[in-house]
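Chain by chain, the residues run as shown.
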Amino acid sequence: MTDVRYDPKEIEPRWQKVWEDEQTWHVENGEATDRDKSYVLVMLPYPSGEPHIGHLKVYSVGDAVAHFHRRNGLRVLNPMGYDAFGLPAENHAIKTGQHPRVSTDEAIIEFRKAFREWGVSIDWSREFGTHEPRYYRWTQWIFLALYERGLAYRKEAAVKWCPNDQTVLANEQVIDGRCERCGWEVEVKQLEQWFFRITDYADRLLDDLDTIEWPEHVKTMQRNWIGRSEGAEVIFRCDELAIDYPVFTTRPDTLFGATFFVMAPEHPDVLRLAEGTEHEEEVRAYVNRALNETAEERGDVDKEKTGVPLGRTVTNPVNGEQIPMFVADYVLMEYGTGAVMAVPAHDQRDYEFAVKFGLPIQQVVAPASGEMPEGEAFVEHSADERLVNSGDFTGLSAAEGKDAIVSWLDRQGKGHQTVQYRLRDWLLSRQRYWGCPIPIVHCPACGLVPVPEEDLPVILPDVEDYAPKGRSPLAAAEDWVNVACPSCGGAAKRETDTMDTFVDSSWYFLRYCDPVNEEAAWSQDAVHEWMPVDQYIGGVEHAILHLMYARFFVKALKDLGHLEVDEPFAKLFTQGMITKDGAKMSKSRGNVVSPADIVASHGADTARCYILFIGPPDQGADWSDEGVEGVHRFLARLWRLSATAAAGEGSAGDQPETTHGFGEELVRKSHWAIEKVTNDMTGRFAFNTAIAAVMELTNTASKAFNEMGNPDPQALRFALATANSLLFPFAPHAAADGYHLLTGRRVWEEPWPAADLAYLVSDTIEVVIQVNGKVRDRVQAPADASAEDLKALAHAAPNARAHVDGREVVKEIVVPGKLVNIVVR
RNA sequence: GCCCGGGUGGCGGAAUGGUAGACGCUCGGCCCUCAAAAGGCCGUGUCCUUCGGGGCGUGUGGGUUCGAGUCCCACCCCGGGUACCA
């Protein structure tokens, strides 16, 4: 056995060549077949440099699923492409002057090479990059389809601006007041920009979460992001200026407790209201200061409340009281109407403000206990609390009061029930170069004119200078910008902003269904055949951004008649991050593990198996070089045993009709492993325990060979063929090779093995004997022993007897096939 | 603060309310070898032991149960998300 060595450097390229030459993983659309489909998709990679360890992990998971589905008789679509537009390549271009297309295409070559070396079972005929005109032509087509439906529109709004990247950002791309990409503090600017009307879909995006099998925490994150809250809009009138100010509140039941009124510093009317009052100067100063504060400074909840009176009052619509108006930075312009009714008795923020400014605190909801909390607002409002000091509504429960007050307001024309969302429309335009051009022409005569479909794609032109200057670098490409208006033929200019790259990745899974179609983005037949994605796999960092945008696109495209599905991804799996020495891998820490190095030193199978063996894939894990060695030893051992057994007695790898010596145990263990691996991969992603089961089977085979002198060569061959067959989804090259050596057949053409349950039950079983719940003995018993027999065995067991003798037996619990528990006093 | 995860040997991790620690790593001993590498075999939670066994052990404290890592209550710690959203 020492003369054959496991050599992944020889094995892996040999099988990769077979799969490539024969296009083994290619699937054809419209194949006449009775097999069900399975669309297994890993999130589109952004090609930059070389693939990192996270890519290795996610493709190891995806490929295991794809192989498992194939061998269970499904037609599997497992495509690959690249999210090729984006800022890193553009920033690189600014630094080096090299066209981002060049560095991007170089990175794509590296990625493609790595995926081939890893032996990932991809249908390469469907490959594309989102930066290719043949792809983004259809990105533009979708944009226009949405534009025509009013789902893409331009408006001036307060938008987030990253001063470093010199571009606007979507709300979702601002984390803690900082740019998601570069970490710079974002500014707010008033600009005209392009938006997608994702808010129209807020309710469907929320409700349909119930129809998809996603991790609960991802759904929760989306629910929170959408932030639906039911409440009422209530109109407070400023009589002096004769202006109505609507506010949104989730607590109309507390309306009688509104003792003042607060506006956000950004509210357009603030300065106008204060004009001519004694507070004018103070308000001006306060607003200026607030607007210059960073999001971080302003956003601190623990900060003491600040604000200034406006010197005006509004009328509380339920009781006609005149209540004073304030400007304060705890009110946000982005949410609701930018103004709130303040109910200090029942809102903690209003309470703090009222205490600081000595404003009245009027209790209108009484706790069931009768006791108001000291020094804080009382915020409960269940059916147990009653309204007090609330005019005709006094005595109602808080819940009833809510409805009654809203109905009353509605009748008076002073308010109505409404729903408010945290979700904002998706700002999609970017003042950057390396992205998909927005196919719109600005004509002085006709306004916004869509580029006609037959003129698509609008090709991204080459420019001299990629550096951002607060407007898109495309503006400098004058030959390109100046264009005849498609409508009137007059002189006009192209839109020079490009699209957020999340637009590109919001529909790529549709294009995979029909990747070379030149007539349409996809054919109805193709998307009908493959959509939805059955299993989507990727990082949890996309829980909101990509996963929300893609869902929106699919719903909008369905409404436009281009799709039949409501949701793009029926099941989602999110993998955890791989760390090294307990920390995120990064160049600055110097703790980066390169997949290329591991593949070079140990082979792709070792790398893939290790990363799956390390622990449950949805959790994070720390990389250990010693662990890699262990997995490599296991693969080497299995392969060596397979090669040795293949050269020895027996034939193929079929199960023997009769067994000899240890052979029975080998067959039994084989079926045990089939059952275990199948269960671990059905509806679960328990690859770590699946691989452990194959290790156990291999250990049993090794024992038969090394210790028992191989008493049953045919059973050994069967066990080893089974081990290779089960290992194939994780270590495809080594398993294909071992299986082929043993059987002469191709493991991927074999159906997934079926466990013969008859082998999972044995004639005798070990029964645990407990006394008072503590294990005291173990005895062998016939599998079909009766409860009475088991009790007798328990009492006969010597060590159990030692703990029972001389004491009173109170109770005996028998779990058939498992244990007997004797309870004594 | 709120919402999710998670806390099990020296380490990564296994365990439908029924033998805690599968599998792997590490470490130790032995075999093979002139020697080493590779490979093979055995041991490896902890303390006590007359070597038969016994005590203690799954973040902490309670509870349910014949029996709890697993279920319930309270709390502590770690990771992630989110946060003046009216």
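Let me sum up the structure you'll find in this document. (Residues numbered from 1 in each chain as written. Chains lettered and ligands numbered in written order. Predicted model: local features only at pLDDT ≥ 70, side-chain atom pairs only at ≥ 80, totals over all residues. Heavy atoms only, no water.)

Notes on the side chain of D737
Logical step 1: You can see D737 is positioned in helix α24 (residues 732–743).
Logical step 2: A distance of 2.8 Å separates polar atoms of two side chains, one belonging to D737 and the other to W15.
Logical step 3: Ignoring any residue separated from it by four or fewer positions in sequence, one finds D737 in contact with I11, R14, W15 and W639. (Helix = DSSP H or I, 4+ residues; strand = E, 2+ residues; numbered from the N terminus. Polar contact = N/O pair within 3.5 Å; in protein donor to acceptor, adjacent residues only side chain to side chain. Contact = heavy atoms within 4.5 Å.)

A short note on the packing of aromatic side chains
Logical step 1: This model, assessed by the stated rule, comprises 51 aromatic pairs.
Logical step 2: With centroids separated by 4.8 Å and ring planes inclined at 20 degrees, the aromatic side chains of F128 and Y135 adopt a geometry described as stacked. Neither residue differs from the other here; F128 and Y135 are each classed as buried.
Logical step 3: Taken together, the aromatic side chains of F128, Y135, W138, W141, W507, Y508, F509, Y512, W522, Y536 and F569 make up a single cluster linked through ring pairs.
Logical step 4: Taking the ring centre of Y153 as reference, the NZ or CZ of R197 above it sits at 4.0 Å.
Logical step 5: Lying over the aromatic face of W214, R551 brings its terminal NZ or CZ to 5.8 Å of the ring centre. (Phe/Tyr/Trp six-rings, centres within 6.5 Å; stacked < 30°, edge-to-face > 60°. Buried < 20%, exposed > 50% of the residue type's maximum accessible area, 1.4 Å probe, protein only. Lys NZ or Arg CZ within 6 Å of the ring centre and 35° of its normal.)

Some details on the state of the cysteines
Logical step 1: The tally for this structure, following the rule as stated, stands at zero disulfides.
Logical step 2: In this model C443 remains outside any disulfide bridge; the closest cysteine sulfur is found in C485, 3.6 Å from its own.
Logical step 3: Unpaired in this structure, C446 has its nearest cysteine sulfur neighbour in C488, at a distance of 3.6 Å. (Disulfide = S-S within 2.5 Å.)

A look at the sheet that holds strand β34 (residues 819–824)
Logical step 1: With mixed pairing, four strands are arranged side by side in an open sheet as β32-β31-β34-β33. Each edge of the sheet is formed by a strand with only one pairing partner; in this case those strands are β32 (774–782) and β33 (809–815). Within the sheet, the average angular offset between the axes of one strand and its neighbour, ignoring direction, is 20 degrees.
Logical step 2: Pairing of strand β31 (residues 764–771) with β34 involves four bridges; the strand directions are parallel. Counted as the bridge partner of Q770 is N821 from β34.
Logical step 3: In the packing of helix α25 (residues 787–796) onto the sheet, the strands contacted are β31, β32, β33 and β34, and the crossing angle to β33 comes to about 120 degrees. (Pairing = 2+ DSSP bridges. Axes fitted to C-alpha atoms, helices over the stretch in contact; angles between N-to-C directions.)

Some thoughts on the environment of P47
Logical step 1: Within the secondary structure, P47 is located in the loop between β1 (37–42) and α2 (53–71).
Logical step 2: Owing to a relative accessible area of 4%, P47 belongs among the buried residues under this scheme.
Logical step 3: A C-alpha to C-alpha distance of 26 Å links P47 and F196, two positions 149 residues apart in sequence.

Comments concerning the protein's contact with RNA strand B
Logical step 1: As a matter of local geometry, RNA strand B sits amid 52 residues, with T249, T250, R349, M695 and R778 nearest to it.
Logical step 2: Each atom of RNA strand B within 4 Å of the protein was classed as base or backbone; sugar and phosphate made up 65%.
Logical step 3: In this structure, a phosphate oxygen belonging to RNA strand B sits 3.2 Å away from a side-chain N or O atom of N799.
Logical step 4: At 3.3 Å from a phosphate oxygen of RNA strand B is found a side-chain nitrogen or oxygen belonging to K811.
Logical step 5: Among the elements that line the surface near RNA strand B, the one with the most residues is helix α22 (residues 687–706), at seven residues.
Logical step 6: Of the residues contributing to the surface near RNA strand B, the split by class is 18 nonpolar, 16 polar and 18 charged. (Near = heavy atom within 4 Å. Nonpolar A, V, L, I, M, F, W, Y, C, P; charged D, E, K, R; others polar.)

These values are about where atoms sit, not about what they do.
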